[in-house]
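Residue-level listing of the chains:
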Amino acid sequence: QVQFVESGGGLVQAGGSLRLSCAASGITFSRNTIGWYRQAPGKQREFVAHITRGGYTNYAESVKGRFTISRDNAKNTVYLQMNSLKPEDTAVYYCKALDYAYWGQGTQVTVSS
């Protein structure tokens, strides 16, 4: 079964940091590009960052320089280190493999002003 479990969300003040984790199963993790996405209330789900099997990373312009995506293939886990958080980063964050249509339940990130 393809499954993604996000964790690490919470409440933080603007300027603070948070690290999200995404544990994947049911796929050959090391061979897959994994991405983080987010959805704010009343908004469409949007791309945040992804990391390829070779470690190449890409970021949305809105988070570039503040967020860092990484992966630990031994743990089948992808991380999203979020620094200098802004209220507009408030959203439910999801992870997904590029080649699969399955999403996790997401983890809530709330940034107060």
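Scroll up to find the structure this text is about.
Below, the structure is looked at part by part. No experiment lies behind these values; they were computed from the predicted model shown.

Locating Thr33 in the fold gives a position in the loop between β3 (18–25) and β4 (34–39). Judged by relative accessible area, which is 16%, Thr33 ranks as buried. Those residues in contact with Thr33, other than ones at most four positions away along the chain, are His50, Ile51, Thr52, Arg53, Arg71, Lys96, Ala97 and Leu98.

Bringing the pairing of β4 into the picture now. Within β4, five of the six residues are buried, leaving the element largely enclosed by the surrounding structure. Following β4, the chain reverses through six residues before pairing antiparallel with strand β5 (residues 46–51); Gly42 in that reversal takes a positive phi of roughly 75°. Relative to strand β9 (residues 91–97), β4 runs antiparallel, the two being bridged by six bridges. Each bridged residue has a counterpart across the sheet, and for Gly35 the counterpart in β9 is Lys96.

The sheet built from four strands is open, its strands ordered β1-β3-β8-β7 with antiparallel pairing. Two strands lie at the open edges of the sheet, namely β1 (3–7) and β7 (67–72), each paired on one side alone. Each strand of the sheet is rotated relative to its neighbour by a mean of 15°, with strand direction disregarded. With five bridges connecting them, β1 and β3 associate as antiparallel partners. By the bridge assignment, Glu6 is partnered in β3 with Cys22.

Let us now look at the pattern of salt bridges. The full count for this structure, using the stated rule, is four salt bridges. Glu46 is paired through a salt bridge with Arg38; the nearest N and O atoms lie 2.7 Å apart. Owing to a relative accessible area of 5%, Arg38 belongs among the buried residues under this scheme. Glu61 serves as the salt-bridge partner of Lys64, at 2.7 Å between the closest nitrogen and oxygen. Taking the relative accessible area as the measure of exposure, Lys64 reaches 45% and is therefore partly exposed. We classify Glu61 as exposed; its relative accessible area is 63%. If you follow the salt bridges from partner to partner, you end up with Arg38, Glu46, Arg66 and Asp89 in one network.

Rules used throughout
Residues numbered from 1 in each chain as written. Predicted model: local features only at pLDDT ≥ 70, side-chain atom pairs only at ≥ 80, totals over all residues. Heavy atoms only, no water. Helix = DSSP H or I, 4+ residues; strand = E, 2+ residues; numbered from the N terminus. Buried < 20%, exposed > 50% of the residue type's maximum accessible area, 1.4 Å probe, protein only. Contact = heavy atoms within 4.5 Å. Pairing = 2+ DSSP bridges. Axes fitted to C-alpha atoms, helices over the stretch in contact; angles between N-to-C directions. Salt bridge = Lys/Arg side-chain N within 4 Å of Asp/Glu carboxyl O.

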